[in-house]
Amino acid sequence: MMMAVRDAIRRGACVALFAGLSQGAAAQLPVETLTVEPAIPQGSSPLYIPDIAINHIADGKLHVVDGNTGGYLGVIGTGFTGQSRLSRDGSEVFIATGYYDRGQRGNRTDIVEVWDARTLRFKHEIPRSDKRAMALNYKYLLSQLGERWLVVQNATPATSVQVVDLLARSNMGEISMPGCWAIYPVPSQSNKFGALCGDGTVQLITLDDNGAAARRTVSEVLFDPDSDALFVQGEPTGDVYHFVSFTGNLVSIDLSGDKAVKAGSWSLVSPAERKKGWRPGGYQPLALHQGQGRLYVTMHGGGGEGSHKTPAQSIWVFDIATKKRVGKLPGHMATAIAVSASGDTLYAIDAEKASLVITDVSGKKPKVRATAQVGEFPSQIELR
């Protein structure tokens with residue numbers, strides 16, 4: 001009986017002690033205020049890295065990573081083989097994609113989604129046709145012209161483009177582009193774009209106010225698609241786009257005039273290097289910093305027919321003005337590269353590790369600042 005009384009007293013004392021502690025804590029803790037921070041904080045340098053998620057291709061992703069630290073900032077779903085592109089001012093992300101209402105099957109809906117690039121919040125969508133190219137992520141399969149037009153690559157497999165009015169949020173129609181691929185905006189003209197064609201020519205299309213082709217011109221043959229095809233990844237200097245070829249040449253094409261014309265070409269490799277099979281490879285094999293006039297190219301040795309997607313053994317650096325190689329960097333198994341706006345940082349996708357490699361190239365010797373695993377099959381890098 002006495003033991004039961006003692007136990008009850010002890011339990012009561014514990015309850016009183018805990019109650020006192022709880023009251024004291026309640027008196028000391030401040031009232032919490034819930035806030036929402038933007039996904040992309042001030043001071044970060046966001047990189048937008050598409051991932052086709054090829055092993056579960058209906059569930060693509062657009063990963064957003066801090067280019068300063070490699071830290072993960074967020075992700076946007078891109079659906080079935082969605083193509084993504086930053087808006088001209090960097091404030092929005094456009095995604096041309098499609099969804100099946102049963103995941104892998106069912107009714108299909110094709111749309112252009114518009115997302116806020118800083119908060120990563122969905123803004124609105126624009127219905128479009130189901131002819132879009134269901135392809136690996138490439139930068140110029142989705143392009144903005146001026147403030148109004150968004151042009152989407154189609155393939156059924158017949159090639160055409162779809163024109164979307166961003167201001168009216170409407171699908172304007174289709175322009176046939178037989179045998180031509182990719183959409184290269186002409187910066188000086190807000191309603192004009194070019195496309196590389198399979199016969200070595202370049203088409204230029206000028207849109208009217210209804211998004212239809214008001215004018216189409218076809219260039220002379222500017223490259224040899226059989227013996228020395230061009231990678232579709234081009235980097236512009238004004239209205240001139242620079243392309244690298246499968247065998248290691250740089251070809252510049254001027255889109256400013258009535259017809260596209262070749263603005264020059266030169267070899268990236270010496271005769272001895274050419275004999276050893278040094279040539280570009282990857283999915284985004286070049287990056288250009290206009291202010292510094294520096295061109296970066298992912299290169300591999302022992303190349304030949306069909307080696308054009310081989311990861312880099314070395315990244316070569318060229319001076320555009322002198323057409324001379326001025327440096328070599330480690331390859332990092334890169335299949336995609338981009339350079340920061342300052343020119344101090346080179347970004348590379350390591351295809352073997354599916355990772356981002358951030359390298360400081362401002363000093364005499366390159367220095368890897370950070371690495372970060374990104375998705376499953378990252379293939380492009382885009383930055384503001």
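All values reported here derive from a predicted model rather than from experimental measurement.

1. So, the sheet that holds strand E3 (residues 72-79)
Thought 1: Strand order in the open sheet formed by 4 strands is E3-E2-E1-E29, and the pairing between neighbours is antiparallel. Unpaired on one side and paired on the other, E3 and strand E29 (382-383) mark the two borders of the sheet.
Thought 2: In this structure, strand E1 (residues 46-51) lies alongside strand E2 (residues 60-66), joined through 6 bridges in antiparallel fashion. Note that in E2 the partner of Pro50 across the bridge is Leu62.

2. Points about the pattern of salt bridges
Thought 1: By the definition in use, this model includes 13 salt bridges.
Thought 2: For Asp101, the salt bridge is made with Arg102, and the minimal N-O distance between the two is 3.9 Å.
Thought 3: Overall, Arg102 belongs to the exposed group, its relative accessible area being 55%.
Thought 4: Between Arg132 and Asp110 there is a salt bridge, and its shortest N-O distance comes to 2.8 Å. On the criterion of sequence distance, the pair formed by Arg132 in the loop between strand E7 (122-127) and strand E8 (142-145) and Asp110 in strand E6 (residues 108-116) is long-range, its members being 22 residues apart. In terms of burial, Arg132 and Asp110 fall into one category: buried.
Thought 5: What emerges from the salt-bridge pattern is a single network uniting Arg108, Asp110 and Arg132.

Reading guide: rules and limits
- Residues numbered from 1 in each chain as written.
- Predicted model: local features only at pLDDT ≥ 70, side-chain atom pairs only at ≥ 80, totals over all residues.
- Heavy atoms only, no water.
- Pairing = 2+ DSSP bridges.
- Helix = DSSP H or I, 4+ residues; strand = E, 2+ residues; numbered from the N terminus.
- Salt bridge = Lys/Arg side-chain N within 4 Å of Asp/Glu carboxyl O.
- Buried < 20%, exposed > 50% of the residue type's maximum accessible area, 1.4 Å probe, protein only.

So far we have only geometry, and geometry alone does not tell us how the molecule works.
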